[in-house]
Amino acid sequence: MQSIRWVVMGVSGCGKSTVGQALATANEVGFVEGDQFHPPANVAKMSAGVALNDADRAEWLLTLQAQIRAARERGEGLVISCSALKRRYRDLLREGDPALRFAHLSGPKELIAARMHTRVGHYMPTSLLDSQFRDLEPLQSDEAGVTLDIRVPPDDLVTQIRRE
């Protein structure tokens, strides 16, 4: 279990960081907060309420891919929080580890917006939630992973992920 590498994915505000940290702790592996790797230009753009495009995300995704590849080469497990909204983004991340698994945290927009309103100090405004849902391509049947309902408590989500 420890050598599995996971990406906890979904739109902003779905609980990627909370569930990702808990999964990493349960698996006794490292955790990477994907948002910390956004270049300053991306953070500024999102803070201004402007959605990122594929070109904006390219450098960020390659940085996360390198984190995944390094863990694989060391034979270590890893959990990364990353929106990974589109299939092509997940394919790019998988280039770092073909066995990479995804845990898609899914839920109603209203619940996610309510959660976003309670966050303190995060640069992602609720106004970008529509663009995130518009870009979201759920996991496809040929992608290794699981889709989970965010209305379930985080500890139970971790248990479900670990069963996979």
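The shown structure was predicted, so the numbers you read here are calculated from the model rather than taken from an experiment. (Residues numbered from 1 in each chain as written. Predicted model: local features only at pLDDT ≥ 70, side-chain atom pairs only at ≥ 80, totals over all residues. Heavy atoms only, no water.)

## A word on the overall build of the protein chain
Then, number 1: Counting its regular elements, the protein chain contains 7 helices and 5 strands.
Then, number 2: Along the protein chain, helices (α) and strands (β) appear in the sequence β-α-β-α-α-β-α-β-α-α-β-α when read from the amino end.
Then, number 3: The globule rule puts the C-alpha radius of gyration for 164 residues at 15 Å, and the 15 Å found for the protein chain is close to it.
Then, number 4: For the protein chain, the spread of C-alpha atoms along the three principal axes comes to 40 × 35 × 30 Å.
Then, number 5: When the 164 residues of the protein chain are sorted by exposure, 47% land in the buried category.
Then, number 6: Of the accessible surface of the protein chain, which amounts to about 7700 Å², a share of 50% is contributed by carbon and sulfur atoms. (Helix = DSSP H or I, 4+ residues; strand = E, 2+ residues; numbered from the N terminus. Rg over C-alpha atoms; globule rule 2.2 N^0.38 Å. Buried < 20%, exposed > 50% of the residue type's maximum accessible area, 1.4 Å probe, protein only. Areas by Shrake-Rupley, 256 points an atom, 1.4 Å probe, with all protein chains shown as cover.)

## Things to note about the pattern of salt bridges
Then, number 1: The full count for this structure, using the stated rule, is 16 salt bridges.
Then, number 2: For Glu-143, the salt bridge identified is with Arg-87, shortest N-O distance 3.8 Å. Within this pair, whereas Glu-143 is found in the loop between helix H6 (129–135) and strand E5 (145–149), its partner Arg-87 is found in helix H4 (residues 87–94), the two being separated by 56 residues in sequence.
Then, number 3: Overall, the relative accessible area of 7% leaves Glu-143 in the buried class.
Then, number 4: Taking the shortest distance from any N to any O, the salt bridge between Arg-90 and Glu-143 comes out at 2.7 Å. Of the two residues, Arg-90 is situated in helix H4 and Glu-143 in the loop between H6 and E5; the sequence distance between them amounts to 53 residues.
Then, number 5: Residue classification places Arg-90 among the buried residues on the basis of a relative accessible area of 0%.
Then, number 6: Residues participating in the shared-partner salt-bridge network are Arg-87, Arg-90, Asp-91, Arg-94, Asp-142 and Glu-143. (Salt bridge = Lys/Arg side-chain N within 4 Å of Asp/Glu carboxyl O.)

## Thoughts on the environment of Gln-132
Then, number 1: Relative to the elements of secondary structure, Gln-132 occurs in helix H6.
Then, number 2: Residues Gln-132 and Ser-83, 49 residues apart in the sequence, show an inter-C-alpha distance of 8.8 Å.

As far as function goes, none of this settles anything; it's purely spatial.
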